[in-house]
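Okay, here's what each chain looks like letter by letter:
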Amino acid sequence: MERSSYALLLVAIFIGLYQNLDTLLGTRYGVKGKCAVVTGASSGIGVSIAEALAEEGVSKIIVAARRFKKLSKVAETMKRKYPNTETIAVKVDVLSKSDRVELRKIADEKFGDKCVTILVNNAGVEYWHPFETLPDEKLDQQINVNLLSLMKMTKDFLPRILKARAGHIVNIASQAALFAVPYGQAYAASKAGVRGFTKGIRAEFRHRGKITVGVVLPGYISNTGMYADMQKNSEKKGFENLDEYVWYNKYFVGSSDPYDSSKAVIDSIKYDVPEVNVNYLFGANINRLHSTISEIFPRVWDWVLPNIMVKPVEFTMKLAKLRETEDTFSGK
Ligand SMILES: NC(=O)c1ccc[n+]([C@@H]2O[C@H](COP(=O)([O-])OP(=O)(O)OC[C@H]3O[C@@H](n4cnc5c(N)ncnc54)[C@H](OP(=O)(O)O)[C@@H]3O)[C@@H](O)[C@H]2O)c1
């Protein structure tokens, strides 16, 4: 074989290993027959996560969020598509202690003692805004919904999991936890917190039974969820050259669809993966590479943002500045 062929073969082996690193050790846990709770399941990737769990054969699933009309529609669709899974819609504001207590009570009643619990903490909010003028309530909301409520929800469900000596917790963070995100500082802080919290409880609880704890870090999801909403709302506000912004996201930091995040949740449980990065460029998991590079060379984003990611930074700055003058922009 020619030298160049050896080199190509080596590159192919490396890419194959790199792509499949998480699953190489084989399936550790099943999902079938277990009982799941998915927060933030009224829209975006929460819907895909709930559907993926039903597809994998969970016997019961609670979908939770505040907008009950939307949530009920999600539950109705799931009941039609997955008749073997019992789907229950519960109106929950994760900020409310009484709502969380009620949710846990409903889970106990519906799931009983025997069914192994899967908790997917997916509810989240973003508010891109210049930090110097970020309203305190928006700062509080992002930290409280994305991080503190997620920690409290986990605490509420831990007794079930520890008593059964089995269970799975999957927390949804974001690539914002790893990269420099101008105008998304509070969101980045909350998601970095989720990543740190997950590592901490993974170390604390995974040896106390058949327990897995993992974090999923989605990147830019192009067709549904908070970024797609942000884009749609920007279009309505007459933002120009959105295609350029999307192009840079897709072809530099990569993109994913909701299916990728829901598959990551399943992988986190099945293969007991501590952390799943979700963003692809031509099928390759680009963010694992980006995050490795920026761990080794932390200054890299100081150069990348003003020299390569010019258009996305321009977009987020424009959006953030507009939010300074408008109260609501999220469209919800
Ligand atoms: N889309 C992306 O590109 C992307 C990238 C990285 C990470 N993520 C993360 O993925 C998760 C899902 O986001 P998404 O993109 O699917 O956005 P989304 O469509 O806006 O979904 C957010 C969900 O969180 C729920 N939620 C918000 N505040 C809540 C509260 N106080 N109590 C209960 N539920 C609440 C919302 O439901 P209600 O409004 O009905 O309560 C909604 O179901 C978030 O944690 C987000 O940070 C998304």
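Residues numbered from 1 in each chain as written. Predicted model: local features only at pLDDT ≥ 70, side-chain atom pairs only at ≥ 80, totals over all residues.

A. Geometry of the overall build of the protein. Helix and strand content of the protein: 12 helices and nine strands. Scaling as 2.2 N^0.38, a compact globule of 332 residues should have a C-alpha radius of gyration of about 20 Å, and the protein matches this with 20 Å. Expressed as lengths along the three principal axes of its C-alpha atoms, the size of the protein is roughly 65 × 55 × 40 Å. Counting all 332 residues of the protein, 42% fall into the buried class. Pairs at least 24 residues apart make up 75% of the contacts formed inside the protein by residues separated by at least 6 positions. (Helix = DSSP H or I, 4+ residues; strand = E, 2+ residues; numbered from the N terminus. Rg over C-alpha atoms; globule rule 2.2 N^0.38 Å. Buried ≥ 20, exposed ≤ 12 C-beta atoms within 10 Å, placed from the backbone. Contact = placed C-beta atoms within 7 Å.)

B. Geometry of the pairing of strand β7 (residues 275-278). Judged by which residues are buried, β7 turns out to be covered on both faces: E275 and N277 on one side and V276 and V278 on the other are all buried. Here strand β6 (residues 210-218) runs beside β7; their pairing, made up of four bridges, is parallel. Its bridge partner lying in β7, V215 is registered against E275. (Pairing = 2+ DSSP bridges.)

C. View of the site of the ligand. Within the structure, the ligand sits among 30 residues, and G40, G44, R66, G124 and G225 are positioned closest to it. The set of elements that each furnish at least two residues to the shell around the ligand consists of α2 (45-55) and α7 (226-236). For the shell around the ligand, the class distribution of residues is 15 nonpolar, 10 polar and five charged. (Near = placed C-beta within 6 Å. Nonpolar A, V, L, I, M, F, W, Y, C, P; charged D, E, K, R; others polar.)

D. Region of interest: the packing of α2 against helix α9 (residues 258-270). Running from N to C, α2 and α9 cross one another at 50 degrees; their axes reach a closest spacing of 8 Å. Relative to α9, the element α2 is oriented oblique. Judged by the sense of rotation from one axis to the other, the crossing of α2 with α9 is right-handed. Residues I45, S48, I49, E51 and A52 of α2 form the contact with α9, whose participating residues are P258, Y259, S261, S262, K263, V265 and I266. For the contact of α2 with α9, the residue count by class is seven nonpolar, three polar and two charged. (Axes fitted to C-alpha atoms, helices over the stretch in contact; angles between N-to-C directions. Parallel < 35°, antiparallel > 145°, perpendicular 65-115°, else oblique. Left-handed = near helix turned anticlockwise from the far one by under 90°.)

E. Highlighting the pairing of strand β1 (residues 35-39). Summarising burial for β1: five of the five residues are buried, a large majority. The alternating pattern of β1 places C35, V37 and T39 and A36 and V38 on opposite faces, both of which are buried. When β1 meets strand β2 (residues 60-65), the two strands line up parallel, connected through five bridges. Pairing of V37 across the sheet is with I62, part of β2. Viewed along the sheet, the connection from β1 through α2 into β2 turns out right-handed. (Right-handed = clockwise from strand over helix to strand, strands pointing away.)

F. Here's a closer look at the sheet that holds β6. Pairing within the open sheet is parallel, and its seven strands lie in the order β3-β2-β1-β4-β5-β6-β7. A single partner strand is all that each edge strand has here, and the edge strands are β3 (86-91) and β7. Each adjacent strand pair in this sheet contributes to an overall mean axis angle of 15 degrees, direction not counted. Across the face of the sheet, helix α3 (residues 68-81) comes into contact with β2 and β3 while running at roughly 180 degrees to β3.

G. Spotlight on unusual backbone geometry. The phi angle at Y183 is positive, at roughly 75 degrees, despite the residue not being glycine. Along the chain, Y183 falls in the loop between β5 (166-172) and α6 (185-205). By C-beta crowding, Y183 is classed as buried, having 22 other C-beta atoms within 10 Å. Even without glycine at this site, D272 takes up a positive phi of about 50 degrees. With respect to the element layout, D272 can be found in the loop between α9 and β7.

H. Quick look at the nonpolar core. In terms of nonpolar packing, the biggest core is built from 80 residues, with V38, A50, L53, V63, A64 and V216 touching the most fellow members. Considering each element in turn, this core owes the most residues, seven residues, to α2. Non-local contacts of A50, meaning those with residues more than four positions away in its chain, are made with V38, A41, I61, V63, V74 and M78. (Core = buried A, V, L, I, M, F, W, Y, C linked by C-beta atoms within 7 Å.)

I. Main features of α3. Taking 1.5 Å per residue, 14 residues should reach 20 Å; α3 reaches 20 Å between its end C-alpha atoms and fits that length. If you check which residues of α3 are buried, you get L71, V74, A75 and M78. Buried residues of α3, seen end-on, are gathered within an arc of 95 degrees and therefore sit on one face of the element. Exposed residues lying more than 90 degrees from the buried face of α3 are K69, E76 and R80. On its buried face, α3 is in contact with α2, β2 and β3. (Expected span 1.5 Å × (residues − 1). Arc of directions from axis to C-beta.)

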